[in-house]
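Single-letter residue listing:
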Amino acid sequence: MEPQMPDRQAPLLSLRRADEAIGVVALLAIVFSILWGVISRYIFPQPAAWTYELAIMAFAYLVFFGAVAGVRLGSHAAIDVLVAALCRMAGRRRSAGSTICCSPSSSF
């Protein structure tokens, strides 16, 4: 499967780039929640206890939607040496085998 080239004309809030928009929102949530946690800890008498949990949840969204964007753009981590060493038929079998092995686990 060939990676799709990014559409330079599509705005960030379009459905084509929704994964990137969610990643940007998650990154902003991480930065501002940690910033608010530090400010509330040292300036106010009662620190905000929810900032750490929000940053953890936002980081999980950032990782998964960032992985989706990386696969879509073709910038994900791949083992090119191994794939290039396999012949065309073995590569097809490997692709079909990984699809068969991974499909049941994705339904959970």
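See the structure printed just above.
Because the structure is a prediction, the values reported are computed rather than measured. (Residues numbered from 1 in each chain as written. Predicted model: local features only at pLDDT ≥ 70, side-chain atom pairs only at ≥ 80, totals over all residues. Heavy atoms only, no water.)

## Regarding the overall build of the protein
Put simply, the test is: Starting at the N terminus, helices and strands are each numbered in turn, a helix being any DSSP run of H or I of at least four residues and a strand any DSSP run of E of at least two. Burial status follows relative accessibility: with a 1.4 Å probe on protein chains alone, a residue under 20% of its type maximum counts as buried, one over 50% as exposed, and anything between as partly exposed. The contact criterion used is simple: two residues touch if any of their non-hydrogen atoms lie within 4.5 Å. Here the Shrake-Rupley method, with its probe set to 1.4 Å, supplies the accessible areas, and only the displayed protein chains count as covering residues.
Looking only at helices and strands, the protein has four helices and zero strands in total. Among the 108 residues that make up the protein, the fraction classed as buried is 18%. Taking the intrachain contacts of the protein between residues at least 6 apart in sequence as the baseline, contacts between residues at least 24 apart amount to 53%. Accessible area for the protein stands at about 8,900 Å²; split by element, carbon and sulfur atoms hold 70% of it.

## Details of the pattern of salt bridges
Short version of the rule: Salt bridge, as applied in this entry: a Lys or Arg side-chain nitrogen positioned within 4 Å of an Asp or Glu carboxyl oxygen.
The full count for this structure, using the stated rule, is three salt bridges. Measuring nitrogen to oxygen at the nearest pair gives 3.1 Å for the salt bridge that ties R72 to D19. Taken together, the positions of R72 in helix α2 (residues 51-73) and D19 in helix α1 (residues 18-42) put the pair 53 residues apart, joining distant regions of the chain. Between R72 and E20 there is a salt bridge, with its nearest N and O atoms 2.6 Å apart. Here R72, found in helix α2, pairs with E20, found in helix α1; they are 52 residues apart in sequence, far enough to count as distant. Judged on exposure class, the residue R72 and its partner E20 are both buried.

## A word on the packing of aromatic side chains
Spelled out, the test is: Any two of the Phe, Tyr and Trp rings considered here, Trp counted by its six-membered ring, make a pair once their centres fall within 6.5 Å; the pair's planes then place it as stacked at under 30 degrees, edge-to-face at over 60, or tilted in between.
The tally for this structure, following the rule as stated, stands at two aromatic pairs. Ring plane angle 45° and centroid distance 5.7 Å describe the contact between W36 and F44, whose orientation is recorded as tilted. When its relative accessible area of 38% is taken as the criterion, W36 is described as partly exposed. For F44, a relative accessible area of 40% corresponds to the partly exposed category. With a centroid separation of 6.2 Å and an interplanar angle of 10°, the aromatic rings of Y61 and F65 are classed as stacked. Of the two residues, Y61 and F65 both sit in helix α2, four residues apart, roughly one turn of that helix.

## Points about the packing of α1 against α2
Our working definition: Axes, fitted as lines to C-alpha atoms, cover a helix only where it is in contact. Angles between the N-to-C directions of the axes lie from 0 to 180 degrees. Note on terminology: angles under 35 degrees are roughly parallel, angles over 145 are roughly antiparallel, angles of 65 to 115 are roughly perpendicular, and the others are oblique. Each crossing gets its handedness from the near helix: less than a right angle anticlockwise from the far helix is left-handed, clockwise is right-handed. Charged residues are taken to be Asp, Glu, Lys and Arg, nonpolar residues to be Ala, Val, Leu, Ile, Met, Phe, Trp, Tyr, Cys and Pro, and polar residues to be all remaining types, Gly included.
For the pair α1 and α2, the least separation of the axes is 8 Å and the interaxial angle reads 155°. Taken together, the axis directions place α1 and α2 in an arrangement best described as roughly antiparallel. Where α1 crosses over α2, the two elements pack in a sense that is left-handed. Of the residues in α2, those in contact with D19, E20, I22, G23, A26, L27, A29, I30, S33, I34, W36 and G37 of α1 are T51, L54, A55, A58, F59, Y61, L62, F65, V68, A69, R72 and L73. Residues belonging to the contact of α1 with α2 are distributed by class as follows: 17 nonpolar, four polar and three charged.

## Examining α2
Along an α-helix, a turn takes 3.6 residues, which lines up residues three or four apart on a common side. In plain terms, the rule: Here a helix's expected span is defined as the number of its residues, less one, multiplied by 1.5 Å.
If you check α2, its first and last C-alpha atoms are 32 Å apart, about what 23 residues at 1.5 Å a residue would give, namely 33 Å. Within the sequence span of α2, burial applies to T51, A55, A58, A69, G70 and R72. The inward-facing, buried residues of α2 abut α1. A positive phi of about 80° marks G74, the residue just after α2.

Geometric descriptors of this kind do not, in isolation, establish any biological role.
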